[in-house]
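Spelled out, the chains give:
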Amino acid sequence: MFGFLLKRFGLLIPTFLGVTLAAFSFVRILPGDPVLLMAGERGVSPERHAQLLEQFGFDRPLYVQYFDYLFSALSGDLGQSLVTKKPVWDEFFTLFPATFELSICAIIFALVIGLPIGMLAAIKRGTWFDQSLMGAALVGYSMPIFWWGLLLIILFSGTLGWTPVSGRISLLYYFPNVTGFMLVDSFLSGQKGAFSSALSHLILPTIVLGTIPLAVIARQTRSAMLEVLNEDYVRTARAKGLSAARVVGVHALRNAMIPVITTIGLQVGVLMAGAILTETIFSWPGIGKWLIDSISRRDYPSVQGGLLMIAVIIMFVNLVVDLLYGLINPRIRHKG
Amino acid sequence: MKRSNLLLPALLATTMLMAGAAQAKTLVYCSEGSPEGFDPAPYTAGTTFDASSKPLYNRLVEFKPGTSEVQPGLAESWEVSEDGMTYTFKLRQGVKFHTTEFFTPTRDFNADDVLFSFNRQLQSDHAFNQYTAGISWEYFNGMSMPDLLKSVEKVDDYTVRFNLSRPEAPMVANLAMDFASILSAEYGAQLEESDTKDMLNQQPIGTGPFHFVAYQKDAVIRYGSHDEYWAGKQPIDDLVFAITTDASVRQQKLLAGECHVAPYPNPADLDSLKAAENIKVEEQEGLNVGYLAYNTQVAPFDNANVRKALNKAINKQAILDAVFQGAGKAAKNPLPPTMWSYNDAVEDDSFDPEAAKAMLEAEGVKDLKMKIWAMPVQRPYNPNARRMAEVMQEDFAKVGVEVEIVSYEWGEYLDLSKDKDRDGAVLLGWTGDNGDPDNFLAVLLGCDGVGGSNRAQWCNDEFEALIQKAKIVSDKAERTKLYEEAQVVFKREAPWATIAHSVVFMPMSTKVSGYVMDPLGGHSFTNVDIAE
Amino acid sequence: MTDQAITTDPELDDNHQSGLASFWFYFKENKGAVIGLCFFLAICFIALFADFIAPHAPNQQYREFFLVPPVWQEGGTWQFLLGTDAVGRDMLSRLIHGSRYSLFVGIIVVVGAVSVGVTTGLVVGYIGGALDTLVMRLMDIILAFPSLLLALVLVAVLGPSLTNAIIAIAIIQQPHYVRLTRAAVLGEREKDYVTAARLAGVGPIRLMFRTILPNCMAPLIVQAALSFSTAILDAAALGFLGMGAQPPTPEWGTMLAESREFILRAWWVVTLPGLAILMTVLAINLMGDGLRDALDPKLKRS
């Protein structure tokens, strides 16, 4: 097991270096620059332009900039936003909890609904019930979520008035930001109604972000279950007269979970991509929206740092999934 | 370290808020974006000014609400020397800075604060010139202050003198701009001592009607009323900015009562907003102009008749309908109608494709192919440049001119369009900074701007002489005459197709009273009240 | 990660002759897949003959008809069946022409990603060694970024346009094909029939493309169908964020972004392009499911 771990880490190092190089070079070849953007219609004189670029350190040789960047990144210094002049690291971690909270809720939503749907569909395989559930899952899987979000806002917030339109909590509530997770903070604050307000603000974004993972999990669970239900030991269990619920619940589900866990792990990237769209639509103060803004403002250090942090998080999650998978299914270890 | 810094005051503020929560009057403003910081001077974005200079600070002189005229602010009066090179300001006494969890002032506002606020931008060796790495004074530089301003000197505690290097008629108007906000020198000293100078941009202290409470990045900014505000305490207790970037969402929030004022509505939604019972929509013509600048140095656009012919081919009404959705007024002058010296006697080129065709033929222009540059972003003076270009493409096709629409990334667009050899006409615009005609005519059409902000690359001796003279003369009536004349020359020579001045709409809850729209495009909540 | 998808079965080779017939036999069992196929063919037909089917030119502006609602709603006219947009262009014609862009995006991305990805996968799988390591680490790097984010940055670098969006999307889809093909090659390389072919003097290129490749076609076809629909969704998302096709191109995502401001006043300009995207993607995914069931013998049994 230790060897496997070491090998996995070994693989991460070149990938990490590649990721830093990619993030660095993307940003360097972006057309336009922040000085011009900030000056706007007013413009900036060529001398001043050069002076500002020098101030930002963009006039040094590229490889010097890169190594400089790499070593500071390793020590947790991602540079300073050109727009707000605050450290990118701080900016990222001020906004990250919002995205994390939303993503976790979306995954829970997807699991709570997707798992039972997949199981039920597998048990009732071939019936109209199965077909309509899987049809719905496929619709969810095909959904352009930016459009889906707009529709939900119009329906639930606009026409019906059931859910708040945007934001993370009603502005009536004001309490210190202890963890950055609104659900936790609102609960800790002890203010009446704060928690339910935070919860109600999460509903629509959660549904929008959770739709595709929900569809994927439902489909994956169904096919994993079908596969397991066909295995000899389940057939035997059935033949022995064990109740269907017991067979499904105890034997089948446990074995079907292995591919499902992998699927969930793979959804992290999907969630991050979805977060960009969801946060844009719901004015959710998370890193997805921040990155879009940073790209359009050509805020180099923020784009660079944001890309790097997200890649590191995804690499980390993939590693954890791999390790889990290796733990559950020892055969993998030797294959690797 | 920073976290704990922020946490304690936030906790204190909570307890304070909770205590007075029962009757607190709170106004929620759905702002359109996050501020870049809370010190207005390093920035140029209106969104930043709305969150910093408007609620938190005052200037020596201020724009009279709802106009672009100046009135006394922290200075009670001022004098200009004979030669127009020295401005002496008498300061107001008994003005208090904010008292907050992070700062308690020990003295009133005085000349030291004025010196602090300007010298940090003027002197490169000032302790606060680089208080955060990479900071730069964009507006101060953009208004050529480093050349213009020789020194700011303290005469006594309540008198300051500005020494200029040349006469500049718009100087007082410049001092009403956001970059000229007055910060506390004492607070600066405190931050310097604790080695947290960058807090100046994050935990601001000013003399303005509201004091800073807390900012949650990209989400909420909270302000409290400044109890000892020199012009009187505000009617509301708390001011909250709920940052909501999407226009449709802002509007939904307004309709749902989640906020009381929401700027920049989609023009398309105005009818439904006006129809809503609990919403009123105020409107005002913006101090801006949207234009199409030909490159007057490239044939055949170096011929004024060709430019005029093209101007006649543009159906402005169609643009107003399709692009502005009614939220605009056709423009005939480079100055907006709300600006003093606007020449209403000037007659616009009438929309007449037949005449345009004939004029082009008369000039021997056949099978003309041209490019129109369309901006990639939405601006107050042009809500959708792409769509505007499409309408023009159709219009020009009818007079036999084939148009190719091009676009670049915004920063590049601004840069490339400055080129003297640029191929094509550029869609762009301008929003006034200080309510002075010089800020439009000299910047956008003066000879100095060729190869820069003068996108038409147009340098006309007659026009130049008029605006140069108007810059030095201090008598307003005489300046008005000169500018009126300059507009006549402009129209005759037609370096631009003037397209539209936008009308700014401000939807708000009917509970809100006392909101005055700012022609300069800012959003200020001074003296605004809200009914329970 | 994608290794689990590899399920090549020698069985498939045995009934190679009847492959197509057996494929169709299984495919038509799946009613959803057949519906998807019909719908997809209909879209292809519309896209091919858009010029004849569309009642108006897609960019023709009718200045008298800004934001006219669809015909069944009050104020609608038969001239514009699905209404008009903000500059008086016929929605139906724009949607019809929009199908061209979506299919175009899908086809180009799939062709590009498959040809480059499969070749790369075959080569590195067959040769192995340092090249293999290098390419696979490169794929890891691409996979370390969320696909849409990477596409967004690539488009920002290249400049927003439909062509660049296609390039970006094709790049982010590479790793799937490379990994899939490489894994298949690794699996097949040591098998007897390959060794036999090699001993018989078959050249490496022929070996790769004629002997090994046909044996890993099934998962590749399924992946291609999946790519087709994700490509359409990603292109629409980029268009929605203003980084894809530029107006006045009647690309569905761009139409959505352009008309987002009318969401309350004119539902049709926002709802219809989204619906068109959803239906097209759904049809392709239904087909993809059918393909998978028909090609994947393992699932066939269940």
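Notes on the structure follow. Every value quoted in this text rests on a predicted model; they were computed, and no experiment measured them.

1. Considering the overall build of chain B
The number of helices and strands found in chain B is 18 helices and 19 strands. For chain B, whose C-alpha radius of gyration is 24 Å, the value lies close to the compact-globule estimate of 24 Å for 532 residues. The 532 residues of chain B split such that 61% are buried. The contacts in chain B between residues at least 6 apart in sequence include a share of 69% that link residues at least 24 apart. About 19200 Å² of surface is accessible on chain B, with carbon and sulfur atoms providing 48% of the total.

2. Brief notes about the pattern of salt bridges
Evaluated as defined, the whole model comprises 41 salt bridges over all chains. A salt bridge links Glu91 of chain A to Lys217 of chain B; its shortest N-O distance comes to 3.4 Å. Pair noted here: Glu91 of chain A is in helix H5 (residues 88-123) and Lys217 of chain B is in the loop between strand S8 (210-216) and strand S9 (220-225), and the two residues belong to different chains. For the pair Glu91 of chain A and Lys217 of chain B, a shared accessibility class is recorded, and that class is buried.

3. Considering the nonpolar core
Formed by 153 residues in total, the largest nonpolar core has its most connected members in Phe146 of chain A together with Leu238 of chain C. Counting residues in hydrophobic clusters, the runner-up holds 148 residues, among them Ala180, Leu445, Ala486 and Val512 of chain B.

4. Considering the packing of aromatic side chains
The relative placement of two aromatic rings is captured by the distance of their centres and the angle of their planes. A complete count under the given rule lists 51 aromatic pairs over all chains for this structure. An angle of 65 degrees between the planes, with centres 5.3 Å apart, marks the rings of Tyr66 of chain A and Phe67 of chain A as edge-to-face. By relative accessible area, Tyr66 of chain A is classed as buried at 10%. Owing to a relative accessible area of 42%, Phe67 of chain A belongs among the partly exposed residues under this scheme. Pairwise contacts between aromatic rings join Trp89, Phe92, Phe93, Phe96, Phe100, Phe181 and Trp290 of chain A into one cluster. One Lys or Arg, Arg219 of chain A, reaches over the ring of Tyr141 of chain A and ends 5.5 Å from the middle of that ring. Of note, Lys197 of chain B hangs over the ring of Phe128 of chain B, and the distance from its end group to the ring centre comes to 5.6 Å.

5. Examining the sheet that holds strand S7 (residues 159-164) of chain B
Residues and elements named next belong to chain B. Taken together, four strands build an open sheet; the order of strands is S4-S5-S7-S6 and the sheet is antiparallel. Each of the sheet's edge strands pairs with one partner strand only, and the pair in question is strand S4 (75-80) and strand S6 (149-156). Averaged over all pairs of adjacent strands, the angle between strand axes in this sheet comes to 20 degrees, irrespective of strand direction. Each of strand S5 (86-91), S6 and S7 is contacted by helix H4 (residues 111-122), which is oriented at about 165 degrees to S6, the strand it contacts most.

6. Quick word on the interface of chain A and chain C
Size of an interface: often given as the accessible area lost when the parts come together. Taken together, the contact pairs 45 residues of chain A with 42 residues of chain C. Counting each side, the surface lost to burial between chain A and chain C is near 4000 Å², with a carbon and sulfur contribution of 79%. Considering only the surface of chain A that becomes buried against chain C, Phe26, Phe146 and Trp147 of chain A emerge as the three largest contributors, covering 16% of it. Our count for the contact surface shared by chain A and chain C stands at one salt bridge. Salt-bridge contacts for Arg219 of chain A lead to Asp289 of chain C; the nearest nitrogen and oxygen are separated by 2.8 Å. The tally of links from chain A across to chain C stands at four residue pairs in polar contact (both at pLDDT 80 or more). No other element matches the nine residues that helix H11 (residues 244-282) of chain A contributes to the side of chain A that touches chain C. Tallied by class, the residues present in the side of chain A that touches chain C amount to 32 nonpolar, seven polar and six charged.

7. Things to note about the environment of Glu402 of chain B
Residue and element names in this part refer to chain B. By the secondary structure assignment, Glu402 is in strand S15 (residues 402-406). Sequence spacing of Glu402 and Lys371 is 31 residues, and the spatial spacing of their C-alpha atoms is 8.4 Å. Ignoring anything within four residues of it in the chain, the contact list for Glu402 reads Leu368, Lys369 and Met370.

8. Some details on the packing of H5 of chain A against helix H12 (residues 287-297) of chain A
Residue and element names in this part refer to chain A. The geometry of H5 relative to H12 is characterised by a closest axis approach of 8 Å and an angle of 135 degrees between their N-to-C directions. On the basis of their axis angle, the class for H5 and H12 is oblique. Here Val88, Glu91, Phe92, Leu95, Phe96 and Thr99 of H5 come into contact with H12, specifically with Ile287, Gly288 and Trp290. Among the residues making up the contact of H5 with H12, the classes are represented as six nonpolar, two polar and one charged.

9. Side note on the interface of chain B and chain A
Taken together, the contacts link 60 residues of chain B with 48 residues of chain A. Note on chain B versus chain A: buried area summed over both sides is about 4400 Å², and carbon and sulfur give 55% of it. Taken together, the links from chain B to chain A amount to one salt bridge. In this assembly, chain B and chain A are joined by two residue pairs in polar contact (both at pLDDT 80 or more). Listing elements by their share of the side of chain B that touches chain A, those giving two or more residues are helix H1 (2-19), helix H5 (138-142), S8, S9, strand S10 (238-242), helix H9 (247-255), helix H15 (410-416) and strand S16 (425-431) of chain B. Sort the elements by how many residues they give to the side of chain B that touches chain A and H1 of chain B lands first, with nine residues. In terms of residue class, the side of chain B that touches chain A is made up of 26 nonpolar, 17 polar and 17 charged.

10. A short note on the state of the cysteines
Evaluation of the coordinates by the stated rule reveals two disulfides over all chains. Covalent S-S linkage joins Cys30 of chain B and Cys259 of chain B, the inter-sulfur distance amounting to 2.3 Å. On the S-S bond that ties Cys30 of chain B to Cys259 of chain B, the torsion sits near -105 degrees, and the link is left-handed. Separated by 229 residues along the polypeptide, Cys30 of chain B in the loop between strand S1 (26-29) and helix H2 (46-51) and Cys259 of chain B in the loop between H9 and helix H10 (270-275) bring together distant segments of the chain. Judged by relative accessible area, Cys30 of chain B falls into the buried class, the value being 0%. A sulfur-sulfur separation of 1.9 Å characterises the disulfide bridge that pairs Cys447 of chain B with Cys459 of chain B. An S-S torsion of about 90 degrees defines the bridge between Cys447 of chain B and Cys459 of chain B as right-handed. Of this pair, Cys447 of chain B sits in the loop between helix H16 (438-445) and helix H17 (461-472) while Cys459 of chain B sits in the loop between H16 and H17, and the two are 12 residues apart along the sequence. Between Cys38 of chain C, a free cysteine, and Cys44 of chain C, which holds the nearest cysteine sulfur, the sulfur-to-sulfur gap is 12 Å.

11. Some remarks on a nonpolar patch on the surface
Residue and element names in this part refer to chain A. Together, Val178, Val184, Phe187, Leu188, Phe195 and Leu199 make up a nonpolar patch on the protein surface, roughly 570 Å² of accessible area in all. Every element with two or more residues in the nonpolar patch is listed here: helix H8 (182-189) and helix H9 (194-229). Tracing the backbone through its elements, the reader meets Leu199 in helix H9. Residue class for Leu199 comes out partly exposed when judged on its relative accessible area of 41%.

12. A short note on the sheet that holds S10 of chain B
The strands that make up a sheet pair up through hydrogen bonds in the backbone, lying either parallel or antiparallel. All names here are of chain B. The strand order across the open sheet built from four strands is S1-S10-S9-S8, with neighbouring strands paired in mixed fashion. Each of the sheet's edge strands pairs with one partner strand only, and the pair in question is S1 and S8. The average angle at which neighbouring strand axes cross in this sheet is 20 degrees, direction not considered. Pairing analysis gives six bridges linking S8 to S9, with the strands arranged antiparallel. Bridged to Ala214 within S9 is Arg222.

13. A look at the pairing of strand S17 (residues 496-509) of chain B
Residues and elements named next belong to chain B. Most of S17 sits inside the fold, with 13 of its 14 residues counted as buried. Sheet topology note: the strand S11 (residues 279-285)/S17 ladder contains seven bridges and is antiparallel. Note that in S17 the partner of Glu283 across the bridge is Phe505. Where strand S12 (residues 288-293) meets S17, four bridges bridge the pair, whose relative direction is antiparallel. Its bridge partner being in S17, Tyr291 is matched across the sheet by Thr498. The sheet contact formed by strand S13 (residues 328-330) and S17 spans three bridges and is antiparallel. Residue pairing across strands places Lys329 opposite His501, the latter belonging to S17.

About the criteria used
- Residues numbered from 1 in each chain as written.
- Chains lettered and ligands numbered in written order.
- Predicted model: local features only at pLDDT ≥ 70, side-chain atom pairs only at ≥ 80, totals over all residues.
- Heavy atoms only, no water.
- Helix = DSSP H or I, 4+ residues; strand = E, 2+ residues; numbered from the N terminus.
- Rg over C-alpha atoms; globule rule 2.2 N^0.38 Å.
- Buried < 20%, exposed > 50% of the residue type's maximum accessible area, 1.4 Å probe, protein only.
- Contact = heavy atoms within 4.5 Å.
- Areas by Shrake-Rupley, 256 points an atom, 1.4 Å probe, with all protein chains shown as cover.
- Salt bridge = Lys/Arg side-chain N within 4 Å of Asp/Glu carboxyl O.
- Core = buried A, V, L, I, M, F, W, Y, C linked by side-chain atoms within 4.5 Å.
- Phe/Tyr/Trp six-rings, centres within 6.5 Å; stacked < 30°, edge-to-face > 60°.
- Lys NZ or Arg CZ within 6 Å of the ring centre and 35° of its normal.
- Pairing = 2+ DSSP bridges.
- Axes fitted to C-alpha atoms, helices over the stretch in contact; angles between N-to-C directions.
- Buried area = accessible area lost by both parts, 1.4 Å probe.
- Polar contact = N/O pair within 3.5 Å; in protein donor to acceptor, adjacent residues only side chain to side chain.
- Nonpolar A, V, L, I, M, F, W, Y, C, P; charged D, E, K, R; others polar.
- Parallel < 35°, antiparallel > 145°, perpendicular 65-115°, else oblique.
- Disulfide = S-S within 2.5 Å.
- Patch = residues over 30% accessible without salt bridge, like charges linked within 9 Å, V, L, I, M, F, W, Y side chains within 5 Å.

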